[in-house]
Amino acid sequence: MKKLNVLFLLVSVSFLLFTTSCQKDLVPTPQQDDILPERFGVTITPSLSYEQSTLKSTEVDTLKGNMIYEHLGNFIHVGDMGARVVGGMINAIRVYHINKPMSFSFTSDDDGRVKNAVVTADVTYDNERWEFGMTLTDAESEGNDDGGKALQIFWNRSPVKGIAIMKPYNINRDENAGNTDEIFRIDYSEARDHGYDAEMTVYAAYLPVADPLENPWSMSALKMFAGKKGHIIDVYGNSSHPNGVLIAGHAGYTYSFIASGDNDSDLGVAEVGLPPYNLDEPSRNILLGYYSLKNVITREIYEVWPGIDPESVQAFLYNASAPGYFDASGFVSGGTAPGTGYERLTPRLPYLSPFNPKEVTHLTITFKD
């Protein structure tokens, strides 16, 4: 299975393009009367947010821990980057000293196109009233079906809460010419509605699915939640892969996971499931029980090789037992905690659950008209 790095690259590029267009070498700081939110994201512990796990060796032919959880770190890393993207965009906008409802225009240094920005007060979006809203558009595209919208942010200042939506195609037409539909959204809140000091949800929809012969695990959509309470971070979510295949050749999976990490000790625990990408099922027991990664791979092994020696299967899946344990270097072990440092994290997992796979697969994101 290939890495889930597509969204990470898209988000990273969008962030760099936007901040370069607006600020160049300027590092903005909040003004005394700045109405923009000072924070807009949850930082996730590196033990869960990484691009490659540590190899785990055994004396038998065993599925490596880094292969089992390779997608996990990349997927969470995407969510972590989402918060940085929004924070970067807000800092880029600060150069215009947003202190009241206003409008302005600038020419992008990246695609040479004029962008219009409008800041308004007392805005309604997603059935909620917001203190402020801002819409950034590609001026020449405002007559298109999408209104040329590149970025929208809705926010309240106390407590800090907001929604940010961006369309890379309208942020930089040159670099995103082949990705005309994809949209990203970040929800952030410090209102403590769910018991967290801060929380965010990252969404991505309409991602272009690659040729399955080149990348069968290309991602079409994702949704991820991250909540921070003190130094503990809870994370859960799904990514949809309509062409994903494993051993038996069945196509279409949703990579589903839950995880909890400690920012102080840099330790983490996680569980992963691989339910069908169109499964209409919210139950944690189904998504992470019947469709646990270990159970799915086990069933497919016996489907292809019904007469295989069970001891060989057990040895092969030695590292696949849930939960998986991580430290700053990546995967450590599966099934049994390697030390007492995980005692505060493992009990949190039963209270976390991925989203309904079908709802993520058919996720929609819309700008405000």
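Please read all numbers here as calculations on a predicted model, not as lab measurements.

**Student:** Help me understand the layout of surface pockets, please; the structure alone is not making it clear to me.
**Tutor:** Empty space left among the atoms is revealed by rolling a probe the size of a water molecule over them. Looking at the largest pocket, its volume works out to about 300 Å³. Of all elements in the fold, only strand E3 (128-138), strand E5 (160-166), strand E6 (183-189) and strand E7 (198-205) reach the threshold of two or more residues within the lining of the largest pocket. Partitioned by chemical class, the residues of the lining of the largest pocket number eight nonpolar, four polar and seven charged.

**Student:** Is there a simple way to explain unusual backbone geometry in this structure?
**Tutor:** Negative phi is the rule for most residues except glycine; trans is the rule for most peptide bonds. Of note, the bond from Ser158 into Pro159 is cis; its omega dihedral lies within 30 degrees of zero at -5 degrees. By the element assignment, Pro159 lies in the loop between strand E4 (149-157) and E5. Note that the residue after Ala322, namely Pro323, is joined by a cis bond; omega there is -5 degrees. Following the sequence through the fold, Pro323 ends up in the loop between helix H7 (310-316) and strand E12 (324-327). Backbone geometry places Tyr206, a non-glycine residue, at a positive phi of 65 degrees. Position of Tyr206 among the secondary structure elements: in the loop between E7 and strand E8 (221-229). For Tyr206, a relative accessible area of 35% translates into the label partly exposed.

Each value, and the rule that gives it
- Going along each chain's sequence as written, the residues are numbered from 1 onward.
- Residue-level local features of this predicted model are given only where pLDDT is at least 70; pairs of side-chain atoms are given and counted only at 80 or more, and the full residue set underlies all totals for whole chains, interfaces and linings.
- Side-chain measures here rest on the full set of heavy atoms in the structure, leaving out hydrogens and waters.
- A pocket here means an open set of points on a 1 Å grid, computed over the protein atoms alone, that has protein on both sides within 12 Å along at least five of seven lines. A cavity is instead a set of points where a 1.4 Å probe fits but cannot get out; residues with an atom within 4 Å of a point line either one.
- Grid points are joined across faces, edges and corners, and a volume is the space filled by probe spheres set on the points.
- A helix here means a DSSP run of H or I that spans at least four residues, while a strand means a run of E at least two residues long, and both kinds are numbered starting from the N terminus.
- Residues were grouped as follows: Ala, Val, Leu, Ile, Met, Phe, Trp, Tyr, Cys and Pro as nonpolar; Asp, Glu, Lys and Arg as charged; and all remaining residues, including Gly, as polar.
- For every residue, the accessible area (1.4 Å probe, protein chains only) is compared with the maximum for its type, and the residue is labelled buried under 20%, exposed over 50%, or partly exposed between those bounds.

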